[in-house]
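Tertiary structure, described
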Amino acid sequence: MAALDQKTLIAEMTAWRRDLHAHPEFGFEEKRTSAFVARKLREFGIDEVVEGIGGTGVVGTLRRGTGNRAIALRADMDALRITEQASHGHASQNPGVMHACGHDGHTAMLLGAAKLLAGDGGFDGTVRFVFQPAEEWGKGALAMLDDGLMSRFPFDEIFGLHNMPGLPVGHFETRPGPIMSAEDNFEIVLRGLGGHAARPHGGREVLVAACALVANLQTIVSRRLSPADISVVSVTELITDGTRNALPGFARVLGDARSFRPEVSAEIERQMRIIAEGTALTYNCSAEVAYTREFVPLINDADATEAAIAAARTVFETGAVNGHGEIVTASEDFARFLDHVPGCFVCIGNGEGSAPLHNPSFDFNDDALIHGARFHAAIVRQRLPQA
Ligand SMILES: [Zn+2]
Ligand SMILES: [Zn+2]
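Summary of the structure given here. The structure displayed is predicted, hence computed values, not measured ones.

**Observations regarding the overall build of the protein chain**
Helix and strand counts for the protein chain come out as 10 helices and 16 strands. Overall, the C-alpha framework of the protein chain stretches about 80 × 45 × 40 Å when taken along its three principal axes. Counting over 387 residues, the protein chain shows a buried share of 53%. Counting contacts in the protein chain only where the partners sit at least 6 residues apart, residues at least 24 apart contribute 80% of the total.

Structure below.
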């Protein structure tokens, strides 16, 4: 691409990104965002643009040449229920909702790639531009898949990216195999008999039991799972019906568990049930465990990852491509697509000065836009080469 074109594309993507940032929408409510995406795709001359896939999802299809392979590129569009603390001119105009995870940037970069590929081609086959809703809930990818994504818009491989605070702009990171964890949620309800704070022996209060349970749950990872398996069990809430001078007879212990293999997730649940029931018995109360699986682990395909790294080397500077990045114990809805086709998820730098993801001061770094757009285009050209 000529230097002037690149400058124009950067200016355009920056304007789109700031417009999206100023108008954030929560998962499955991305009406303005998806209409914006569909309008831009049509403007670029994308062959087919279909809206309303899995609620507010959009799929654009671009065909060139005669190749029968198809590559999907995915971006997420949703924002978070966080009140922005911004000092810039494109602050959220939707109170209580903000793009604190940079999905505005991901959407703008994929639009940039669509414009690049529609204009310059350079590939032989089909590209599916997949704009998914509700990533933060872990529900949007499944909604698109349940709406017939794979049968209506088939593809052979899928690639996606996320910005990474702390990694310098213009840097790229991924790894083959497990890269992001599964997320499970749990809620343990303890039931006893509340009563007067002065007469604990008159009832079966649950607060001491709940505190013991929180401590005992720490032994799942430290004593019951193999140290070779990465996992996290975090208790995040303890809620009782007690008051200053009344002992609680009811407590809820809630939290979150992360792992990288279904067997480990199953073992965390099994051990949690043993510990909850055993602890409750010790304190003469009862326990009930509700355990749900929200995100599946994200496992990068070895071959697709090799291709992503090779494509990255054509657009990022020497020394800025790390193919052996760290495993992250956060979760990504992109993993759902990998249940159907192989693919690879990558990270691009959002700068060392970036606020953390999900922080009220976070802002996507516009200097990163061109890197993401060029990477998307490069992986398409790598996987759908012209004869
Ligand atoms: Zn997020
Ligand atoms: Zn995100």
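**Some points on the packing of aromatic side chains**
Counted according to the given criterion, the structure contains seven aromatic pairs. Ring geometry for F28 against W137: centres 5.6 Å apart, planes inclined by 90 degrees, an arrangement best described as edge-to-face. One end of the pair, F28, is in the loop between α1 (3-22) and α2 (31-43); the other, W137, is in the loop between β4 (125-132) and α4 (140-146), with 109 residues separating them in the sequence. Given the relative accessible area of 28%, F28 is considered partly exposed.

**Regarding the coordination of the zinc ion (ligand 2)**
Of the protein atoms, only C101 (SG), H103 (NE2) and H162 (NE2) coordinate the zinc ion (ligand 2), at distances of 2.1 to 2.3 Å. The two metals, the zinc ion (ligand 2) and the zinc ion (ligand 1), are separated by 3.2 Å and share C101 as a common coordinating residue. In this pair, C101 is assigned in the loop between β3 (70-76) and α3 (103-120) and H162 in strand β5 (residues 157-164), connecting sequence segments 61 residues apart. One exposure class covers both C101 and H162, and it is buried.

**Observations regarding the sheet that holds β5**
Strand order across the open sheet formed by eight strands is β1-β2-β4-β3-β5-β16-β6-β15, with mixed pairing between neighbours. The two strands at the open ends of the sheet, each matched to only one other strand, are β1 (48-53) and β15 (321-322). Bridge count between β3 and β4: seven bridges; the pairing is parallel. Bridged to L73 within β4 is F129. Against the sheet, α2 engages β1, β2 (57-64) and β4, with an angle of about 170 degrees to β1. Its contacts with the sheet place α3 against β2, β3, β4, β5 and β16 (343-349), and it is angled at close to 150 degrees to β3.

**A few points about the pairing of strand β8 (residues 182-191)**
With seven of 10 residues buried, β8 is to be regarded as a mostly interior element. Pairing analysis gives nine bridges linking β8 to strand β13 (residues 286-295), with the strands arranged antiparallel. Counted as the bridge partner of L190 is A287 from β13.

**Some thoughts on the environment of T243**
If you trace the backbone, T243 turns up in the loop between β10 (231-240) and β11 (246-247). Distance in space between the C-alpha atoms of T243 and H196 is 9.9 Å, their sequence separation being 47 residues.

**Points about the coordination of the zinc ion (ligand 1)**
Surrounding the zinc ion (ligand 1) are the protein donor atoms C101 (SG), E136 (OE), E136 (OE) and H358 (NE2), at 2.0 to 2.6 Å. The coordination sphere of the zinc ion (ligand 1) comprises four donor atoms, whose angles at the metal cover 55 to 152 degrees; the geometry is irregular.

**Details of the pattern of salt bridges**
Throughout the structure, instances matching the rule amount to 26 salt bridges. With a closest N to O distance of 2.9 Å, R17 and D363 form a salt bridge. Within this pair, whereas R17 is found in helix α1, its partner D363 is found in the loop between β16 and α10 (369-383), the two being separated by 346 residues in sequence. Accessibility expressed as a relative area gives 0% for R17, which makes it buried. In this structure, R17 engages D366 in a salt bridge whose closest nitrogen and oxygen atoms are separated by 2.7 Å. Of this pair, R17 sits in helix α1 while D366 is found in the loop between β16 and α10, placing the two residues 349 residues apart along the sequence. With relative accessibility at 12%, the residue D366 sits in the buried group. Beyond isolated ion pairs, a larger network of salt bridges with shared partners links R17, R18, D104, D363 and D366.

The rules behind the values
Residues numbered from 1 in each chain as written. Chains lettered and ligands numbered in written order. Predicted model: local features only at pLDDT ≥ 70, side-chain atom pairs only at ≥ 80, totals over all residues. Heavy atoms only, no water. Helix = DSSP H or I, 4+ residues; strand = E, 2+ residues; numbered from the N terminus. Buried < 20%, exposed > 50% of the residue type's maximum accessible area, 1.4 Å probe, protein only. Contact = heavy atoms within 4.5 Å. Phe/Tyr/Trp six-rings, centres within 6.5 Å; stacked < 30°, edge-to-face > 60°. Donors = N, O, S within 2.8 Å, 3.2 Å for Na, K, Ca; no water. Pairing = 2+ DSSP bridges. Axes fitted to C-alpha atoms, helices over the stretch in contact; angles between N-to-C directions. Tetrahedral: all angles 85-135°; square planar, octahedral: opposite > 155°, others 65-115°. Salt bridge = Lys/Arg side-chain N within 4 Å of Asp/Glu carboxyl O.

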